[in-house]
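The primary structure of each chain is shown beneath.
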Amino acid sequence: MLRAAVCVSGGGTNLQALIDAIEQGNVTNTQIVGVLSNNAGARALERAREHGIPSAAVCPRDYQSREAFEKAMLEKLCQMAPDLIVLAGFLVKIPEEMVCRFPNRIINIHPSLIPSFCGTGYYGIRVHEKVLERGVKITGATVHFVNEGMDEGPIISQKAVAVEDDDTPETLQRRVMEQAEWILLPQAVDDIANGRIRVVHGRVCRERSGQDIKETER
Ligand code: GRF
(Lines give C-alpha, C1' and ligand atoms only; values in the text may rest on other atoms or scores of the structure.)
Protein backbone atom coordinates (compact mmCIF):
# COMPACT_ATOMS: atom_id res chain seq x y z
CA MET A 1 0.00 0.00 0.00
CA LEU A 2 1.49 3.36 -1.10
CA ARG A 3 1.54 5.91 1.72
CA ALA A 4 0.78 9.29 0.14
CA ALA A 5 1.14 12.63 1.95
CA VAL A 6 -0.64 15.52 0.21
CA CYS A 7 0.50 19.16 0.46
CA VAL A 8 -2.07 21.87 -0.18
CA SER A 9 -2.47 25.64 0.11
CA GLY A 10 -6.02 26.51 -0.88
CA GLY A 11 -9.28 25.05 -2.09
CA GLY A 12 -8.12 21.48 -2.29
CA THR A 13 -10.16 20.35 -5.30
CA ASN A 14 -7.22 18.27 -6.52
CA LEU A 15 -7.00 16.68 -3.09
CA GLN A 16 -10.74 16.00 -3.32
CA ALA A 17 -10.31 14.37 -6.75
CA LEU A 18 -7.68 12.06 -5.24
CA ILE A 19 -9.81 11.22 -2.20
CA ASP A 20 -12.82 10.46 -4.44
CA ALA A 21 -10.75 8.31 -6.80
CA ILE A 22 -9.42 6.25 -3.87
CA GLU A 23 -12.90 5.90 -2.34
CA GLN A 24 -14.36 4.86 -5.70
CA GLY A 25 -11.60 2.35 -6.35
CA ASN A 26 -10.19 4.21 -9.37
CA VAL A 27 -6.90 4.66 -7.53
CA THR A 28 -5.79 1.43 -5.88
CA ASN A 29 -3.08 0.36 -3.49
CA THR A 30 -2.98 3.88 -2.00
CA GLN A 31 -3.68 5.42 1.37
CA ILE A 32 -3.53 9.17 2.12
CA VAL A 33 -1.63 9.20 5.41
CA GLY A 34 -1.75 12.94 5.97
CA VAL A 35 -2.49 16.37 4.52
CA LEU A 36 -0.15 19.28 5.20
CA SER A 37 -0.83 22.95 4.51
CA ASN A 38 1.14 26.18 4.82
CA ASN A 39 -2.19 27.91 5.37
CA ALA A 40 -4.20 27.07 8.50
CA GLY A 41 -7.39 28.41 6.90
CA ALA A 42 -7.18 26.29 3.75
CA ARG A 43 -10.47 24.69 2.72
CA ALA A 44 -8.35 21.70 1.77
CA LEU A 45 -7.70 20.97 5.47
CA GLU A 46 -11.45 20.77 6.10
CA ARG A 47 -11.77 18.32 3.22
CA ALA A 48 -9.15 16.12 4.88
CA ARG A 49 -10.98 16.27 8.22
CA GLU A 50 -14.30 15.45 6.54
CA HIS A 51 -12.73 12.22 5.29
CA GLY A 52 -10.97 11.32 8.56
CA ILE A 53 -7.49 12.01 7.17
CA PRO A 54 -4.93 13.43 9.64
CA SER A 55 -4.07 17.02 8.78
CA ALA A 56 -1.61 19.65 9.93
CA ALA A 57 -0.76 23.28 9.22
CA VAL A 58 2.80 24.60 9.27
CA CYS A 59 2.65 28.35 8.60
CA PRO A 60 5.70 30.44 7.67
CA ARG A 61 4.62 33.36 9.88
CA ASP A 62 4.90 31.15 12.99
CA TYR A 63 8.66 30.75 12.41
CA GLN A 64 11.49 33.23 12.76
CA SER A 65 13.22 32.28 9.54
CA ARG A 66 12.55 30.53 6.26
CA GLU A 67 14.98 27.80 7.33
CA ALA A 68 13.04 27.18 10.56
CA PHE A 69 9.78 26.96 8.61
CA GLU A 70 11.26 24.55 6.06
CA LYS A 71 12.72 22.39 8.82
CA ALA A 72 9.32 22.20 10.58
CA MET A 73 7.56 21.36 7.30
CA LEU A 74 10.04 18.60 6.55
CA GLU A 75 9.75 17.19 10.06
CA LYS A 76 5.96 17.10 9.86
CA LEU A 77 6.10 15.33 6.49
CA CYS A 78 8.67 12.81 7.71
CA GLN A 79 6.41 11.98 10.68
CA MET A 80 3.81 10.85 8.15
CA ALA A 81 6.39 8.38 6.76
CA PRO A 82 5.23 8.83 3.16
CA ASP A 83 6.31 6.80 0.14
CA LEU A 84 5.08 9.63 -2.08
CA ILE A 85 4.49 13.34 -1.51
CA VAL A 86 1.77 14.84 -3.71
CA LEU A 87 1.85 18.62 -4.23
CA ALA A 88 -1.77 19.44 -5.02
CA GLY A 89 -1.94 23.21 -5.35
CA PHE A 90 0.91 23.76 -2.88
CA LEU A 91 2.28 27.29 -3.24
CA VAL A 92 5.58 26.76 -1.45
CA LYS A 93 8.94 26.36 -3.19
CA ILE A 94 10.18 22.92 -2.20
CA PRO A 95 13.53 23.18 -0.39
CA GLU A 96 16.44 21.28 -1.87
CA GLU A 97 16.85 19.23 1.30
CA MET A 98 13.33 17.86 0.82
CA VAL A 99 14.03 16.93 -2.80
CA CYS A 100 17.20 15.10 -1.67
CA ARG A 101 15.26 13.29 1.04
CA PHE A 102 12.55 12.14 -1.41
CA PRO A 103 14.21 11.67 -4.82
CA ASN A 104 11.58 10.98 -7.52
CA ARG A 105 9.08 10.61 -4.71
CA ILE A 106 7.47 14.06 -4.92
CA ILE A 107 4.97 14.88 -7.67
CA ASN A 108 3.34 18.18 -8.59
CA ILE A 109 0.37 19.22 -10.69
CA HIS A 110 0.96 22.35 -12.77
CA PRO A 111 -1.90 24.04 -14.68
CA SER A 112 -0.19 24.42 -18.07
CA LEU A 113 1.58 22.33 -20.67
CA ILE A 114 5.16 22.47 -19.37
CA PRO A 115 7.56 23.95 -20.58
CA SER A 116 5.06 26.69 -21.48
CA PHE A 117 3.79 29.02 -18.76
CA CYS A 118 5.81 27.59 -15.90
CA GLY A 119 8.71 28.53 -13.65
CA THR A 120 9.09 31.47 -11.28
CA GLY A 121 5.95 33.60 -11.03
CA TYR A 122 3.70 31.11 -12.81
CA TYR A 123 1.34 29.75 -10.20
CA GLY A 124 -2.40 29.56 -9.57
CA ILE A 125 -4.58 31.98 -11.52
CA ARG A 126 -1.52 33.85 -12.88
CA VAL A 127 -0.79 30.98 -15.24
CA HIS A 128 -4.20 31.36 -16.85
CA GLU A 129 -3.87 35.17 -17.02
CA LYS A 130 -0.60 34.76 -18.93
CA VAL A 131 -2.13 32.14 -21.24
CA LEU A 132 -4.94 34.54 -22.16
CA GLU A 133 -2.56 37.50 -22.55
CA ARG A 134 -0.42 35.50 -25.01
CA GLY A 135 -3.47 34.30 -26.89
CA VAL A 136 -2.54 30.63 -27.18
CA LYS A 137 -5.37 28.37 -28.32
CA ILE A 138 -4.36 25.26 -26.40
CA THR A 139 -3.32 25.01 -22.77
CA GLY A 140 -3.62 22.13 -20.30
CA ALA A 141 -2.01 20.58 -17.25
CA THR A 142 1.10 18.58 -16.42
CA VAL A 143 1.97 16.16 -13.63
CA HIS A 144 5.71 15.88 -13.04
CA PHE A 145 8.24 14.67 -10.52
CA VAL A 146 9.82 17.46 -8.51
CA ASN A 147 13.55 18.12 -8.72
CA GLU A 148 15.65 21.10 -7.55
CA GLY A 149 14.39 23.26 -10.44
CA MET A 150 11.10 25.12 -10.71
CA ASP A 151 8.61 22.94 -12.67
CA GLU A 152 11.59 21.18 -14.29
CA GLY A 153 11.39 17.57 -13.11
CA PRO A 154 10.57 14.54 -15.28
CA ILE A 155 7.11 14.80 -16.84
CA ILE A 156 4.67 11.99 -15.98
CA SER A 157 1.61 13.04 -17.96
CA GLN A 158 0.00 15.95 -19.79
CA LYS A 159 -3.44 16.75 -21.11
CA ALA A 160 -4.43 19.52 -23.53
CA VAL A 161 -7.43 21.80 -22.99
CA ALA A 162 -8.87 24.27 -25.53
CA VAL A 163 -8.87 28.00 -24.77
CA GLU A 164 -12.17 29.66 -25.75
CA ASP A 165 -12.43 33.22 -27.13
CA ASP A 166 -14.59 34.43 -24.26
CA ASP A 167 -12.56 32.81 -21.46
CA THR A 168 -11.66 34.73 -18.33
CA PRO A 169 -8.76 33.48 -16.16
CA GLU A 170 -11.40 31.98 -13.86
CA THR A 171 -13.39 30.10 -16.53
CA LEU A 172 -10.16 28.80 -18.03
CA GLN A 173 -8.83 27.70 -14.64
CA ARG A 174 -12.04 25.80 -13.99
CA ARG A 175 -11.94 24.05 -17.40
CA VAL A 176 -8.29 23.07 -16.95
CA MET A 177 -9.11 21.60 -13.54
CA GLU A 178 -12.21 19.73 -14.75
CA GLN A 179 -10.79 18.43 -18.03
CA ALA A 180 -7.19 17.84 -17.02
CA GLU A 181 -5.99 18.25 -13.42
CA TRP A 182 -8.66 16.18 -11.65
CA ILE A 183 -8.04 13.34 -14.11
CA LEU A 184 -4.25 13.44 -14.41
CA LEU A 185 -3.33 13.66 -10.73
CA PRO A 186 -5.25 10.58 -9.50
CA GLN A 187 -4.05 8.64 -12.58
CA ALA A 188 -0.43 9.48 -11.81
CA VAL A 189 -0.79 8.34 -8.20
CA ASP A 190 -2.42 5.11 -9.38
CA ASP A 191 0.42 4.52 -11.87
CA ILE A 192 3.05 5.06 -9.18
CA ALA A 193 1.22 2.96 -6.59
CA ASN A 194 0.97 0.09 -9.04
CA GLY A 195 4.55 0.31 -10.32
CA ARG A 196 3.59 1.29 -13.88
CA ILE A 197 6.14 4.07 -14.32
CA ARG A 198 9.79 4.67 -13.58
CA VAL A 199 12.34 7.39 -14.23
CA VAL A 200 15.14 6.48 -16.64
CA HIS A 201 17.84 9.08 -17.43
CA GLY A 202 15.57 11.92 -16.33
CA ARG A 203 12.57 10.77 -18.36
CA VAL A 204 9.47 8.91 -17.25
CA CYS A 205 8.96 5.54 -18.92
CA ARG A 206 5.89 3.38 -18.75
CA GLU A 207 6.47 -0.26 -17.81
CA ARG A 208 5.31 -2.52 -20.63
CA SER A 209 2.49 -4.80 -19.54
CA GLY A 210 2.49 -8.52 -20.42
CA GLN A 211 -0.12 -7.74 -23.09
CA ASP A 212 2.00 -4.96 -24.69
CA ILE A 213 5.03 -7.23 -24.80
CA LYS A 214 3.09 -9.99 -26.52
CA GLU A 215 1.67 -7.51 -29.07
CA THR A 216 5.08 -6.06 -30.00
CA GLU A 217 6.66 -9.45 -30.28
CA ARG A 218 3.96 -10.80 -32.56
C1 GRF B 1 -4.75 24.26 -9.31
O2 GRF B 1 -4.99 24.83 -10.56
C3 GRF B 1 -3.32 23.83 -9.22
O4 GRF B 1 -2.83 23.24 -10.36
C5 GRF B 1 -2.70 25.18 -9.01
O6 GRF B 1 -3.55 25.83 -8.08
C7 GRF B 1 -4.85 25.32 -8.21
C8 GRF B 1 -5.23 24.75 -6.88
O9 GRF B 1 -6.42 24.09 -6.89
N10 GRF B 1 -1.33 25.12 -8.68
P11 GRF B 1 -6.95 23.25 -5.65
O12 GRF B 1 -6.39 23.83 -4.36
O13 GRF B 1 -6.54 21.84 -5.86
O14 GRF B 1 -8.44 23.44 -5.71
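Criteria and cut-off values
Residues numbered from 1 in each chain as written. Predicted model: local features only at pLDDT ≥ 70, side-chain atom pairs only at ≥ 80, totals over all residues. Heavy atoms only, no water. Salt bridge = Lys/Arg side-chain N within 4 Å of Asp/Glu carboxyl O. Helix = DSSP H or I, 4+ residues; strand = E, 2+ residues; numbered from the N terminus. Buried < 20%, exposed > 50% of the residue type's maximum accessible area, 1.4 Å probe, protein only. Contact = heavy atoms within 4.5 Å. Near = heavy atom within 4 Å. Polar contact = N/O pair within 3.5 Å; in protein donor to acceptor, adjacent residues only side chain to side chain. Areas by Shrake-Rupley, 256 points an atom, 1.4 Å probe, with all protein chains shown as cover. Nonpolar A, V, L, I, M, F, W, Y, C, P; charged D, E, K, R; others polar.

### Considering the pattern of salt bridges
Think of it this way: side chains of opposite charge can pair up when their charged atoms draw near. This model, assessed by the stated rule, comprises 11 salt bridges. One salt bridge in this structure joins arginine 66 and glutamate 70, with 3.7 Å as the shortest N-O distance. Note that arginine 66 and glutamate 70 are positioned in helix H3 (residues 66-79) at a spacing of four residues, about one turn of the helix. Two residues, glutamate 75 and lysine 71, come together in a salt bridge whose shortest N-O distance is 3.4 Å. On the criterion of helical spacing, the pair formed by glutamate 75 and lysine 71 is a turn pair, its members being four residues apart in helix H3.

### Details of helix H1 (residues 13-23)
For H1, the full list of buried residues reads Asn14, Leu15, Gln16, Ala17, Leu18, Ile19 and Ala21. Considering only its buried residues, H1 is in contact with strand S1 (2-8), strand S2 (30-37), helix H2 (43-50), strand S5 (106-110) and helix H6 (169-193). Phi for glycine 25, located one or two positions after H1, is positive at around 80 degrees.

### Re the site of the ligand
Contacts to the ligand come from Gly11, Gly12, Thr13, Asn14, Gly89, Ile109, Pro111, Met177 and Glu181. Here an oxygen atom of the ligand sits 3.4 Å away from a polar atom, N or O, in the main chain of glycine 11. Between the ligand and glycine 12, the relevant distance is 2.8 Å, taken from an oxygen atom to a main-chain nitrogen or oxygen of the residue. Contact with the protein chains hides 89% of the accessible area of the ligand, taken as 360 Å² for the molecule alone. Of all the secondary structure elements, the ones that give two or more residues to the shell around the ligand are H1 and H6. Of the residues contributing to the shell around the ligand, the split by class is three nonpolar, five polar and one charged.

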